[in-house]
Amino acid sequence: MTPRTGTSTPAAPTPAQTVGPFYGYALPFPGGPDLAPAGHPDTLTVHGHVYDGAGAPVPDALLEIWQPGPDGDRAGAPGSLRKDPVTGGHAGRDGVTFTGFGRVATDADGRWAIRTLRPAGAPYLSVCVFARGLLHHLFTRIYLPGPDTDADPLLASLPADRRRTLLAAGNARTLRFDIRLQGPEETVFLDFH
């Protein structure tokens, strides 16, 4: 079928469009950046920016964080994403339980922040990045400063200039970690099969 354009010449195809982002409707949720229980004395804030290949902030990225708890448990809070029909909140996010999972969108300036507890059994937080133009999400890690970090096999296998793209910097309570999707300082991304 030829579309009508007022002439006998068929209309030119429209240009392709990038996939998404369609994250604003259902993926972010109240309390998503809070892996740690509210007011926990050992809360660690991890924050940063997501940048594109030109160094511009990405205002519509979404990060998912997974990690073991301070006791090394990797199970997390059961039902941390199950909607509670009575309160409208999420059943596993009761403000008391460590969830092990978080989801945070970047703001208009590409900034993001989570509140968590230091994991035991792994010196890093696992991260999944969703952003405009990405047909497949990206996986990376945020390595926290500490004695176990240098001994991590993945981190130790990387050249020094690539290794630093996975290291968070800061103090005992606040760490910064920027994600660069492309360019000369591109964050190391992991390939899972």
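Fair warning: this is a prediction, and the values are worked out from it, not measured in the lab.

**Here we look at the overall build of the chain**
- The helix and strand tally for the chain stands at two helices and nine strands.
- The order of α-helices and β-strands along the chain, N terminus first, is β-β-β-β-β-β-α-α-β-β-β.
- Counting over 193 residues, the chain shows a buried share of 38%.
- Here the contacts in the chain between residues at least 6 apart in sequence split such that 68% fall between residues at least 24 apart.
- Only carbon and sulfur atoms are counted for the fraction: they give 57% of the accessible area of the chain, which is about 11100 Å².

**A few points about the sheet that holds strand E6 (residues 138-143)**
- Strand order in the open sheet formed by four strands is E3-E2-E5-E6, with antiparallel pairing between adjacent strands. At either margin of the open sheet sits one strand with a lone partner, and together these are strand E3 (101-105) and E6. Here the strands of the sheet are splayed against their neighbours by 25° on average, with no regard to which way each runs.
- Here strand E5 (residues 124-130) pairs with E6 via six bridges, running antiparallel.

**A short note on the pattern of salt bridges**
- As enumerated under the stated definition, the model contains eight salt bridges in all.
- For Arg103, the salt bridge is made with Glu64, and the minimal N-O distance between the two is 2.8 Å. Here Arg103, found in strand E3, pairs with Glu64, found in strand E2 (residues 62-66); they are 39 residues apart in sequence, far enough to count as distant.
- The exposure class of Arg103 is buried, given its relative accessible area of 11%.
- If you follow the salt bridges from partner to partner, you end up with Asp107, Asp109 and Arg111 in one network.

**Things to note about the pairing of E2**
- Along E2, four of the five residues are buried, which leaves the element largely enclosed by surrounding structure.
- Here E2 runs beside E3; their pairing, made up of five bridges, is antiparallel. Residue pairing in the sheet places Leu63 in a bridge with Val104 of E3.
- Strand direction decides the pairing type here: E2 and E5, joined by five bridges, are antiparallel. Bridged to Ile65 within E5 is Val127.

**Digging into the packing of aromatic side chains**
- Here the structure, examined in full by the defined rule, presents two aromatic pairs.
- Taking 6.1 Å as the distance between ring centres and 40° as the angle between the ring planes, the aromatic pair formed by Trp66 and Phe101 counts as tilted. Of the two residues, Trp66 sits in strand E2 while Phe101 sits in strand E3, which places them 35 residues apart along the sequence.
- According to the relative accessible area criterion, Phe101 is buried, its value standing at 9%.
- Relative to Tyr143, the ring of Tyr124 lies with its centre 5.3 Å away and its plane at 55°, an arrangement referred to as tilted. Pair noted here: Tyr124 is in strand E5 and Tyr143 is in strand E6, with a separation of 19 residues, a long-range link. Exposure class is identical for Tyr124 and Tyr143. Each is buried.
- Its guanidinium or amino end placed over the ring of Tyr124, Arg141 lies 3.9 Å from that ring's centre, counting from NZ or CZ.

**Structural notes on the confidence of the model for the chain**
- Of all residues in the chain, 76% attain a pLDDT of 70 or more, and the chain-wide mean is 83.
- Note that residues 1-5 has pLDDT below 50 and, in this model, three contacts with residues that lie over four places away or in other chains.

**Quick look at the side chain of His49**
- Mapped onto the secondary structure, His49 falls in strand E1 (residues 44-51).
- Of note is the side chain of His49, whose polar atom sits 2.8 Å from the side chain of Arg176.
- Those residues in contact with His49, other than ones at most four positions away along the chain, are Asp109, Gly110, Arg111, Trp112, Arg176, Phe177, Asp178 and Ile179.

Reading guide: rules and limits
- Residues numbered from 1 in each chain as written.
- Predicted model: local features only at pLDDT ≥ 70, side-chain atom pairs only at ≥ 80, totals over all residues.
- Heavy atoms only, no water.
- Helix = DSSP H or I, 4+ residues; strand = E, 2+ residues; numbered from the N terminus.
- Buried < 20%, exposed > 50% of the residue type's maximum accessible area, 1.4 Å probe, protein only.
- Contact = heavy atoms within 4.5 Å.
- Areas by Shrake-Rupley, 256 points an atom, 1.4 Å probe, with all protein chains shown as cover.
- Pairing = 2+ DSSP bridges.
- Axes fitted to C-alpha atoms, helices over the stretch in contact; angles between N-to-C directions.
- Salt bridge = Lys/Arg side-chain N within 4 Å of Asp/Glu carboxyl O.
- Phe/Tyr/Trp six-rings, centres within 6.5 Å; stacked < 30°, edge-to-face > 60°.
- Lys NZ or Arg CZ within 6 Å of the ring centre and 35° of its normal.
- pLDDT = per-residue confidence, 0-100.
- Polar contact = N/O pair within 3.5 Å; in protein donor to acceptor, adjacent residues only side chain to side chain.

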